[in-house]
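Below are the chains, spelled out letter by letter.
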Amino acid sequence: MTVRLDAKVLNSPPITVSAERDEEWYERLDRFRRLFIGRSDLAEDCTLVNPEVLRFDDKWWGRFEAWAEKPVIIENRALGYRLTYFLKEFEERGSVVRWDGEPLFEPLAPTDSAEAARWRRNRLEAYRGSLRHFLRALIDDRLDEAQFDLYRLPRASAFRHAARADRFPAERDNILEAGPDSTYLLTAHDRLEVVYHGMPERRAYLEWADLRRRTPRDHQTSQIELNEQPLHIDPSGEIVEPYGATLYQYFAFTARMAKRLPREYEPPK
């Protein structure tokens, strides 16, 4: 037998269900925000629009995980973008933080010409000295022109002082080659050290890195360690493999959502 029921709509007043989140959830949210959005000067102008979609887990000692039931939306009033991030995975384990996902950028409308000019300045500052800036300069063989110095750093001495004598200049042609498609192949068995002379350190970096010195240096120092060999770099300066490299020092400080730019961003000529 086939039995069918007629639908009948019952009108009723609206019902609202709400609950207070505990203090532990808000502490985890602050931790996620610091790790994901960052602690740079630009992070202060970023708003996490829908924090309620986030779920956290730190039951395992030394591990902090986050996931989202819906895309995470960040309004960045420092760069002028509304960022929708489709978060696939987020994990902090010890001193290593990693995440994977796809970003979608939507430009915001500035309130006036002054805000539009501020966004242009901030976008350029976020780009200069970034990992993407370095990789594009490496691809174009413009490291000197872009004010980058590149060194090969034996892993046994990776944590010594930056002025050590056992770092060696790295030749671009020895570590980078064109791939079979539009990507480039980066191979480096030693850790790479990148020194950018185009901008000084920010004071927020000293606080983030918990450095004892109080005076920022006139250059930015970063390190890259390849987790996969070779590493694929696309023409826009993006690493193809989600966890293909580990970033240290200044790159680790700036590689957060507060300074994330769209793939199609181009600095002014």
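Caption draft 1: Representation of the packing of aromatic side chains within the structure. All chains considered together, the criterion is met by 21 aromatic pairs. Ring centres 6.4 Å apart and planes at 85° place the aromatic pair Phe64 and Phe90 in the edge-to-face group. Here the residue Phe64 occupies a position in strand β3 (residues 63–68), and Phe90 occupies one in strand β5 (residues 81–93), the gap between them amounting to 26 residues. Ring centres of Phe134 and Phe251 lie 6.3 Å apart, and the angle between their planes is 40°; on these two criteria the pair is classed as tilted. In this pair, Phe134 sits in helix α3 (residues 131–139) while Phe251 sits in helix α6 (residues 250–254), placing the two residues 117 residues apart along the sequence. Among the aromatic side chains, those forming a connected cluster through ring pairs are Trp25, Tyr26, Phe32, Phe36, Phe56, Phe64, Tyr85, Phe90 and Trp99. Note that Arg191 overlies the ring of Tyr248, its terminal NZ or CZ placed 4.0 Å from the centroid.

Caption draft 2: Structural context of the sheet that holds strand β11 (residues 191–196). As summarised here, the arrangement of the 5 strands in space is β8-β7-β11-β12-β14, forming an open sheet in which the pairing is antiparallel. Each edge of the sheet is formed by a strand with only one pairing partner; in this case those strands are β8 (168–169) and β14 (245–249). Judged from the 6 bridges that link them, strand β7 (residues 148–153) and β11 form a sheet pairing that is antiparallel. Opposite Arg152, over in β11, you have Leu192 as the bridge partner. Packing against the sheet, α3 makes contact with β7, β11, β12 (220–226) and β14, and its axis sits at approximately 90° to β7.

Caption draft 3: Summary view of a nonpolar patch on the surface. Taken together, the side chains of Met1, Val3 and Leu5 present a nonpolar region at the surface, about 500 Å² in accessible area. Assignment of secondary structure puts Val3 in the segment before α1 (23–36). Classification of Val3 by relative accessible area gives exposed; the value is 67%.

Caption draft 4: Just a negative patch on the surface, in detail. Taken together, the side chains of Asp22, Glu23, Glu27 and Asp30 define an acidic patch exposed on the protein surface. For Glu27, the position within the fold is in helix α1.

Caption draft 5: Quick look at the sheet that holds strand β10 (residues 184–186). Overall, antiparallel pairing links the 3 strands, which are arranged β9-β10-β13 in an open sheet. Strands with a single pairing partner mark the edges of an open sheet, and in this sheet they are β9 (176–178) and β13 (231–233). Sheet twist, expressed as the mean angle between neighbouring strand axes with direction ignored, is 30°. In this structure, β9 lies alongside β10, joined through 3 bridges in antiparallel fashion. Across the sheet, residue Glu177 finds its bridge partner in β10, namely Leu185.

Caption draft 6: Structural detail: helix α2 (residues 113–127). The first and last C-alpha atoms of α2 sit 21 Å apart over 15 residues, in line with the 21 Å expected at 1.5 Å per residue. Turning to α2, its buried residues number three or more, namely Glu115, Ala116, Trp119, Asn122, Arg123, Ala126 and Tyr127. Buried positions in α2, seen along its axis, are confined to an arc of 130° and lie on one side of it. In α2, the exposed positions that point more than 90 degrees away from the buried face belong to Ser113, Ala114, Arg120 and Arg121. On its buried face, α2 sits against β5 and α3. Among the residues of α2, the N-terminal cap falls to Asp112, whose side-chain oxygen and the backbone nitrogen of Ala114 are separated by 3.2 Å.

The rules behind each value
- Residues numbered from 1 in each chain as written.
- Predicted model: local features only at pLDDT ≥ 70, side-chain atom pairs only at ≥ 80, totals over all residues.
- Heavy atoms only, no water.
- Phe/Tyr/Trp six-rings, centres within 6.5 Å; stacked < 30°, edge-to-face > 60°.
- Helix = DSSP H or I, 4+ residues; strand = E, 2+ residues; numbered from the N terminus.
- Lys NZ or Arg CZ within 6 Å of the ring centre and 35° of its normal.
- Pairing = 2+ DSSP bridges.
- Contact = heavy atoms within 4.5 Å.
- Axes fitted to C-alpha atoms, helices over the stretch in contact; angles between N-to-C directions.
- Patch = residues over 30% accessible without salt bridge, like charges linked within 9 Å, V, L, I, M, F, W, Y side chains within 5 Å.
- Areas by Shrake-Rupley, 256 points an atom, 1.4 Å probe, with all protein chains shown as cover.
- Salt bridge = Lys/Arg side-chain N within 4 Å of Asp/Glu carboxyl O.
- Buried < 20%, exposed > 50% of the residue type's maximum accessible area, 1.4 Å probe, protein only.
- Lys, Arg positive; Asp, Glu negative; His and termini not counted.
- Charge placed at Lys NZ, Arg CZ, Asp CG, Glu CD.
- Expected span 1.5 Å × (residues − 1).
- Arc of directions from axis to C-beta.
- Polar contact = N/O pair within 3.5 Å; in protein donor to acceptor, adjacent residues only side chain to side chain.

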